[in-house]
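Letter by letter, the chains look like this.
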Amino acid sequence: MKNKLKVLRAEKNISQEELANQVKVSRQTINAIEREKYDPSLLLGMKIAKYFNKQVEEIFFMNGENEKSR
Amino acid sequence: MWNRVKSFTFPYTNLVLILSALILFLSFFGVGLISSPESANTESINLWAKQLRLWFFITKILTAISVAGFIYSTLGFHFKTVRGDELKLKIHLDSLNIAFTTTLISFFILIFIFLNFAPSWLNYILLFLSIIGIITYLIASLLIKDKYS
């Protein structure tokens, strides 16, 4: 699964640590998600989406999907 | 009741674990305090028997406290892991999976080897398996942590 968490975080100008505190996980978890080494749980995905005020599928999408088409 | 357990924070789990281990081993060290009867007369043997009964009672209490401590810390570690960071939980579960599979395979291998070549070593199979389990868990957690970093 791919995501554009890093882009959104850069747009909002917040650090991994700050985002981690907001969604109540460790910085390592946010780092692993950004590097696409770990797929978050549905609950965490929804928390992140809520924090960025977006839909889950706007942030996380399958490998084959084209994010630009959204 | 279950909701109360789920919302309990389980403080001092590490301290309780260390104290429980110390209390458990206290019985081994304390038994040296009871001296054997000085003479073979009835009075001194009765006194020694009384001391021994008292000591057994104390060790039972200590062991009960220790076991309660182990249960408390086990529950504490469990709930802290489940409520904590989800990546840490995944690393923990993956490591447990590897450790359990390795221990199970080692169990069959060791049973085969010991039964055929060294039957008396079967007495120590639990010791071997626990060592294998702990070492595999530690190595697996390091490797899996590396995978996600």
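The structure this text deals with has already been given above.
What comes next concerns the included structure. In this numbering scheme, every chain counts its residues from 1 along its sequence in written order. Lettering of chains starts at A and numbering of ligands starts at 1, both following the order in which they are written. With the structure being a predicted model, the display of local features is reserved for residues of pLDDT at least 70 and the display and counting of side-chain atom pairs for 80 or more, all residues being used for whole-chain, interface and lining totals. Only hydrogens and water are removed before side-chain values are computed, so all heavy atoms of the structure are retained for them.

### Some details on the overall build of chain A
Right, on to step 1. Counting its secondary structure elements, chain A contains 5 helices and 2 strands.
Right, on to step 2. Each helix is a run of DSSP H or I of at least 4 residues and each strand a run of E of at least 2, with the numbering of both proceeding from the N terminus. Written out in order from the N terminus, the α and β elements of chain A read β-α-α-α-α-α-β.
Right, on to step 3. Its C-alpha atoms give chain A principal-axis dimensions of roughly 30 × 20 × 20 Å.
Right, on to step 4. Burial classes: relative accessible area under 20% of the type maximum marks a residue as buried, over 50% as exposed, and values in between as partly exposed (1.4 Å probe, protein chains only). A total of 70 residues make up chain A; the buried ones form 37% of that total.
Right, on to step 5. The criterion used for residue contact is that any of the two residues' heavy atoms lie within 4.5 Å. Across chain A, contacts joining residues at least 24 apart in sequence account for 55% of those joining residues at least 6 apart.
Right, on to step 6. With residues, only the protein chains shown are counted as cover, and all accessible areas are computed by Shrake-Rupley using a 1.4 Å probe. As presented, chain A carries roughly 4500 Å² of accessible surface, and 46% of it is formed by carbon and sulfur atoms.
Right, on to step 7. Charged side chains of chain A number 14 positive and 10 negative; the gap between the two group centres comes to 3 Å. His residues and chain termini do not enter the charge count, which takes Lys and Arg as positive and Asp and Glu as negative. By convention, charge coordinates are those of NZ in Lys, CZ in Arg, CG in Asp, or CD in Glu.

### Describing the packing of aromatic side chains
Right, on to step 1. Aromatic pairing here means that ring centres of Phe, Tyr or Trp (its six-membered ring) are within 6.5 Å. Orientation follows from the plane angle: under 30 degrees is stacked, over 60 is edge-to-face, and everything else is tilted. According to the stated counting rule, one finds 9 aromatic pairs over all chains in the structure shown.
Right, on to step 2. Arranged with centres 5.6 Å apart and planes meeting at 5°, the rings of F10(B) and F79(B) form a pair that is stacked. Taken together, the residues F10(B) in the loop between helix 1 (2–7) and helix 2 (13–30) and F79(B) in helix 3 (residues 42–83) connect sequence positions 69 residues apart. Both residues of the pair, F10(B) and F79(B), count as buried.
Right, on to step 3. Placement of a positive charge over a ring is assigned whenever Lys NZ or Arg CZ falls within 6 Å of the ring centre and within 35 degrees of the normal to the ring plane. The ring of Y51(A) has K12(A) lying over it, and the distance from NZ or CZ to the ring centre is 4.3 Å.

Bear in mind that shape data such as this cannot, by itself, settle questions of function.
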